[in-house]
Amino acid sequence: MKKNNSDISVSSTRLSFGRMMAFAVGDIFGGGSFNIINFLYPGFLALAVGLSAQLAGVVILAARIFDAVSDPVMGFISDRMRIRFGTRRGVLIVSAPLIVLAMFLMFYPYKNPSTTVRFWQVLMSYIFFYAVQTSIMIPYLSLSSEMTEDYTERARITSLRLGCSIFSSIVCVAVPGMIVSQFDGNTGYIAMSLIFGVVFMIFVGITGLFAKEGIPAPKKAEPFAVKDFIRPFKVKPFRQYLYIFICCQMTMAIMSALFFFYVDFYFCRDMTAQGESNIVGLLGAALMFGMQIVALPVYLAMIKRTGKTLVYIVGSVIWIVGALFLFIIPAGSNPVIIYILAAVLGFGISGPGLIPHAVFGDVVDVGNLQFGVHTAGAFSGIANFTNKISQAIGLAIVMAVIGAAGFVEQDISEGAAKVTSQPVSAQTAIIAVMALAPLVFMSVGIFICTRYRLNKERHEQVLAALKDGSDEKKAEVLKSL
């Protein structure tokens, strides 16, 4: 077994709040853009650009497959780059300004009469956005494992990071729609994209400039090898991490993509049909994400007392039970019902949303022990590759399902009436997918958590073996996982 690279020095001292915040604000882009895309983009494609639900699903699938393939490539590049401001942070500084252009192109309301032309315009714009996002988020996620090696400190910094991400998520659920509504036609999408593009650029730049690593990269990078693309899959805790991460992210993507469809075309369908605007969806989404922030200290306390996997299980159960209530809520009910349900769902989502990020650094340490080299970028790239492929397939299937159920897209020809209602079959499909997705996917995540063995005690054994363990000791620790 290869010896651990002696150029790597580690520090388990408590991180300063300022340094943690400099790192955490970078996920204002990750969490915010995720919600703008998942909540707003499917509707933008169908109701502003005029693509059918099936074509919108193809756009999402194709762009995310590109994104997924580019992730491991960027991961290996970031592991091997040696530039000013650190291995990861220099990439963030260079890529940050491109966010503005990428946001603008993605939400430009293309109006070419040809459906084929519009399809390719939005697809290329979406792919460009994901290229920029990959160049930022892969180094950023890799940086999360290099801020500190301490098991509890990683939970603290992850909690702070998710607090920033969720706060951004709340803003990016409510405010973009408000900006869009202030303009005639679809020009509001352009204004929204430029405003949030500039905001995201600023916060990513802050992370690049000030989030100094606690675990510096080796002075000499490992040579490139094709086998490195599959090496992370050989780490058992990493495979388990992938399963729980994919289950959570796929479920969140599906529910967020359909949330406003559910509110506008089912729960508030009478108001929508009459052309009346409402804020039920915005308030519900804000409550959902706000409750995720409220729940973080609760789950963080649970981590300190019981470990990380129990938090995932408890949150998942709450999420599953809450989602099943969608089957029994009648259209036109008092909005308070949606607000209460959104708060319950948010509290549940916060647990499984926190844990994959909190365990990532621990899993990278196991890879370091197993292979004798620290390659967080490779692990981050592979994780995002499998996650995004899964999300892309899931969202494409969801859009195909509601399309087959009769979902009606906007006709963009001049004088066409605005879509204000959907057939009952489409409404039923939306409810069924939203209610059953947590049951199907999070149950798998719960099962995997019962098999995950990398707790605090075993992580300390991993660190001890990394520092001064013999090959026999390293093999013993790996076998226990």
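Please refer to the structure placed before this passage.
All figures in this text were calculated on a predicted structure; none of them were measured in a lab. (Residues numbered from 1 in each chain as written. Predicted model: local features only at pLDDT ≥ 70, side-chain atom pairs only at ≥ 80, totals over all residues. Heavy atoms only, no water.)

Enquirer: Sorry if this is basic, but what is going on with the overall build of the protein chain here?
Expert: Along its length, the protein chain carries 17 helices and zero strands. Taking 481 residues into account, the globule formula puts the C-alpha radius of gyration at 23 Å, and the protein chain, at 22 Å, falls close to it. Taking as baseline every contact in the protein chain between residues at least 6 positions apart, the subset at least 24 positions apart corresponds to 85%. Approximately 18,600 Å² of the protein chain is accessible, and the part contributed by carbon and sulfur atoms is 67%. Of the side chains in the protein chain, 37 bear a positive and 27 a negative charge, and the two mean positions are spaced by 7 Å. (Helix = DSSP H or I, 4+ residues; strand = E, 2+ residues; numbered from the N terminus. Rg over C-alpha atoms; globule rule 2.2 N^0.38 Å. Contact = heavy atoms within 4.5 Å. Areas by Shrake-Rupley, 256 points an atom, 1.4 Å probe, with all protein chains shown as cover. Lys, Arg positive; Asp, Glu negative; His and termini not counted. Charge placed at Lys NZ, Arg CZ, Asp CG, Glu CD.)

Enquirer: Explain helix α14 (residues 376-404) to me, please; I cannot follow it from the model alone.
Expert: Taking 1.5 Å of rise per residue, the 29 residues of α14 would be expected to cover 42 Å, and the 42 Å separating its terminal C-alpha atoms lies within 8% of that figure. A large share of α14 lies buried, amounting to 22 of its 29 residues. With its phi angle positive at about 105 degrees, Gly-406 sits one or two positions after the end of α14. (Expected span 1.5 Å × (residues − 1). Buried < 20%, exposed > 50% of the residue type's maximum accessible area, 1.4 Å probe, protein only.)

Enquirer: Sorry if this is basic, but what is going on with helix α13 (residues 335-371) here?
Expert: For the α-helix, the turn length of 3.6 residues means that residues three or four positions removed from each other point alike. Given a rise of 1.5 Å per residue, 37 residues ought to cover 54 Å, and the 54 Å separating the end C-alpha atoms of α13 matches this to within 8%. Of all bends in α13, the biggest is about 35 degrees, found at Phe-360. The buried fraction of α13 amounts to 30 of the 37 residues, a majority that puts the element mostly inside the structure. Once α13 finishes, Gly-372 follows within two positions and takes phi at roughly 80 degrees, a positive value. (Bend = angle between axes of the 7 residues up to and from the residue.)

Enquirer: What am I meant to see in the packing of aromatic side chains here?
Expert: The way to describe two aromatic rings as a pair is by their centre distance and the angle between their planes. If you walk through the whole model with that rule in mind, you get 26 aromatic pairs. Both rings, one in Tyr-41 and one in Tyr-126, keep their centres 4.7 Å apart while their planes meet at 45 degrees; by these two values the pair is tilted. Here Tyr-41, found in helix α2 (residues 27-47), pairs with Tyr-126, found in helix α6 (residues 115-144); they are 85 residues apart in sequence, far enough to count as distant. A connected cluster of aromatic rings, assembled from ring pairs, spans Phe-29, Tyr-41, Phe-44, Phe-107, Tyr-126, Phe-129, Tyr-130, Tyr-189, Phe-196 and Phe-200. (Phe/Tyr/Trp six-rings, centres within 6.5 Å; stacked < 30°, edge-to-face > 60°.)

Enquirer: Is there a simple way to think about the state of the cysteines in this case?
Expert: One covalent bond between the sulfur atoms of two cysteine residues makes up a disulfide. In total, this model carries zero disulfides according to the counting rule given. Left unpaired, Cys-164 is separated from the closest cysteine sulfur, that of Cys-172, by 13 Å. Judged by relative accessible area, Cys-164 falls into the buried class, the value being 11%. (Disulfide = S-S within 2.5 Å.)

Enquirer: Is there a simple way to explain the packing of helix α5 (residues 98-106) against α6 in this structure?
Expert: When two helices pack together, their arrangement is captured by the angle between the axes and the distance separating the axes. Close contact between α5 and α6 brings their axes to 8 Å; oriented N to C, the two are set at 155 degrees. Classified by the angle between their axes, α5 and α6 sit roughly antiparallel to one another. Helix-helix and strand crossings are classified by hand; for α5 and α6 the assignment is left-handed. Of the residues in α6, those touching α5 at Leu-98, Ile-99, Leu-101, Ala-102, Met-103, Leu-105 and Met-106 are Ser-125, Tyr-126, Phe-128, Phe-129, Val-132 and Ile-136. The class makeup of the residues in the contact of α5 with α6 is twelve nonpolar, one polar and no charged. (Axes fitted to C-alpha atoms, helices over the stretch in contact; angles between N-to-C directions. Parallel < 35°, antiparallel > 145°, perpendicular 65-115°, else oblique. Left-handed = near helix turned anticlockwise from the far one by under 90°. Nonpolar A, V, L, I, M, F, W, Y, C, P; charged D, E, K, R; others polar.)

Everything listed here is a matter of coordinates, which is why it stays silent on function.
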